[in-house]
Amino acid sequence: LKALGPALLIIAYYYRASLFWIILAAGTLYCLALFARILPIMFLLPLMSLQFTQRQWLHLVMTFALMSSLVVIITVVASVTLRAPSPAEALPAPFVKDWQVSDWQRNSALYALYERAVIVPGQVMQQWFSYYQQDGSTENGCAYRPVAKVVGCNYVHVPTKLYAIYYPENVKQGMHGSLNAAAFMTDFANFGWAGFAISAILCGLLFSISYLIYG
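Throughout this document, residue positions are counted from 1 along each chain, in the order its sequence is written. Thresholds applied to this predicted model are a pLDDT of at least 70 for local features of residues and 80 or more for the giving and counting of side-chain atom pairs; totals over whole chains, interfaces and linings are not thresholded and use all residues. Remark: hydrogens and water are excluded; side-chain values derive from all non-hydrogen atoms of the structure.

## Some thoughts on the overall build of the protein
Along the protein, the regular secondary structure elements total 11 helices and zero strands. Per-residue accessibility, obtained with a 1.4 Å probe over protein chains only, is compared with the maximum for each type, and a residue is labelled buried under 20%, exposed over 50%, and partly exposed between these values. Relative to its 215 residues, the protein shows a buried fraction of 34%. In what follows, residue pairs with any heavy atoms lying within 4.5 Å of each other are defined as contacts. Taking all contacts inside the protein whose residues are at least 6 apart in sequence as the whole, residues at least 24 apart take part in 59%. In these tables, accessible area is a Shrake-Rupley quantity obtained with a 1.4 Å probe, and a residue counts as shielded only by the protein chains included in the view. Carbon and sulfur atoms make up 67% of the accessible area of the protein, which amounts to about 13,400 Å² in all. The secondary structure listing takes helices from DSSP runs of H or I that are at least 4 residues long and strands from runs of E that are at least 2 residues long, numbered from the N terminus.

Structural data, given as structure tokens:
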């Protein structure tokens, strides 16, 4: 859905193939089925970019309306914020600090999107920071699957590990989740503060390779 779906959608749209509608319907249903708010954006944003460059304004507006509708529907269905008494009650220390949420925020799909896009990523990164700063140790490369094989240590999936640490009651009840953070946090978990420099280098290499392939 993240790679092949948008590519097929763009190709079918470009050649005005009837297959476009089948791909669009299948991708839409798939986005709804997974309840992930980012998927409709990944699926439809490349198509919107093509429509913008081709100045297909009506198609662009319709695609944007579809994408927005999917995001709102998934938000209303999947967001705990719209059903829980207060998002602060679900947050472990050290994040419960004078968190005040009004009634309109608690029942607003737009605020739920804002919270998920802006607030939650920062909270999760702070959880990673808090754990590895207090513990004072790192994974020493074992949180990278290829590195773990070379070093000979057991691979550690940090998001799952930290979820079990911060939400032990959920794990006891059979709910296994993951605290997914920005990619550079994996480097921090592996190598401490030096991991940020490593992350910058890896990111630069990734963009360089992409440039060589698509340049």
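Resuming the write-up.
## Re the nonpolar core
Counting residues in each nonpolar core, the largest one holds 16 residues, and the members touching the most others are Leu9, Phe20, Leu24, Phe43 and Leu44. Looking at this core, the elements that each hand over two or more residues are helix 1 (4-14), helix 2 (19-34), helix 3 (38-53) and helix 4 (57-78). For this core, the element with the highest residue contribution is helix 3, accounting for six residues. Sequence-distant contacts of Phe20, that is, excluding residues within four places in its chain, are made with Leu9, Ala12, Tyr13 and Leu47. By nonpolar core is meant a set of buried Ala, Val, Leu, Ile, Met, Phe, Trp, Tyr and Cys residues that side-chain atoms within 4.5 Å join together. Counting residues in each nonpolar core, the second largest holds 15 residues, with Val124, Tyr167, Leu179 and Ala189 among its members.

## A look at the layout of surface pockets
Remark: the empty space left among the atoms is shown by a probe the size of a water molecule rolled over them. Lining residues are defined by having an atom within 4 Å of a point belonging to a cavity or pocket. Those points lie on a 1 Å grid over the protein atoms alone, cavities being sets where a 1.4 Å probe fits but cannot get out and pockets being open sets with protein on both sides within 12 Å along at least five of seven lines. Grid points are joined across faces, edges and corners, and a volume is the space filled by probe spheres set on the points. Volume-wise, the second largest pocket comes out at about 270 Å³. Along the wall of the second largest pocket there are 15 residues; nearest its centre are Tyr13, Phe20, Trp21, Gln51 and His59. Those elements that provide at least two residues to the lining of the second largest pocket are helix 1, helix 2, helix 3 and helix 4. Of the residues forming the lining of the second largest pocket, the biggest block, four residues, is contributed by helix 4. For this scheme, ten residues count as nonpolar: Ala, Val, Leu, Ile, Met, Phe, Trp, Tyr, Cys and Pro. Four count as charged, namely Asp, Glu, Lys and Arg, and the remainder, Gly too, count as polar. Its residues assigned to classes, the lining of the second largest pocket shows 10 nonpolar, four polar and one charged.

## So, the state of the cysteines
The disulfide criterion is simple: two cysteine sulfur atoms within 2.5 Å. The tally for this structure, following the rule as stated, stands at one disulfide. The disulfide partner of Cys142 is Cys153, and the S-S distance across this bridge is 2.1 Å. One quick way to see it: the torsion about the S-S bond of Cys142 and Cys153 is about -125°, and its sign makes the bridge left-handed. Taken as a pair, Cys142 in the loop between helix 6 (109-135) and helix 7 (145-151) and Cys153 in the loop between helix 7 and helix 8 (158-166) lie far apart in primary sequence, 11 residues in all. Its relative accessible area of 12% is what places Cys142 among the buried residues. Of the residues examined, Cys153 reaches a relative accessible area of 22% and is grouped as partly exposed.

## Points about the environment of Ser208
Note on placement: Ser208 falls in helix 11 (residues 194-214). A 3.5 Å cut-off defines polar contacts: any pair of N or O atoms within that distance qualifies, except that in protein one atom must be a possible hydrogen donor and the other a possible acceptor, and neighbouring residues in sequence count only when both atoms are side-chain atoms. Within the structure, the side chain of Ser208 is placed 2.9 Å from the backbone oxygen of Gly204, a separation counted as a polar contact.

## Looking at helix 8
All of the buried residues in helix 8 are Val158, Pro159, Leu162, Tyr163 and Tyr166. In an axial view of helix 8, the angular spread of the buried residues amounts to 135°, which keeps them on one side of the axis. Here the arc refers to the set of directions running from the helix axis out to each C-beta atom.

## Here we look at the packing of helix 1 against helix 3
Axis separation between helix 1 and helix 3 bottoms out at 8 Å; the angle between their running directions is 30°. By the angle class used here, helix 1 and helix 3 are roughly parallel. Note on packing geometry: the crossing formed by helix 1 with helix 3 is right-handed. Taking contact as the criterion, the partners of Gly5, Pro6, Leu9, Ile10 and Tyr13 in helix 1 are, on helix 3, Met42, Phe43, Leu44, Pro46, Leu47, Leu50 and Gln51. In terms of residue class, the contact of helix 1 with helix 3 is made up of 10 nonpolar, two polar and no charged. Note on definitions: angles span 0 to 180 degrees between N-to-C directions of axes, and those axes are lines fitted to C-alpha atoms, for helices only across the stretch in contact. The scheme is simple: roughly parallel for angles under 35 degrees, roughly antiparallel for over 145, roughly perpendicular for 65 to 115, oblique for anything else. Crossing chirality is assigned from the near helix's rotation relative to the far helix, an anticlockwise turn below a right angle marking it left-handed and a clockwise turn marking it right-handed.

## Observations regarding unusual backbone geometry
Glycine aside, a negative phi is what most residues show, and trans is what most peptide bonds show. Its identity is not glycine, yet Arg16 carries a phi of approximately 55°, on the positive side. A relative accessible area of 48% places Arg16 in the partly exposed class. Its identity is not glycine, yet Arg55 carries a phi of approximately 60°, on the positive side. In this structure, Arg55 sits in the loop between helix 3 and helix 4.

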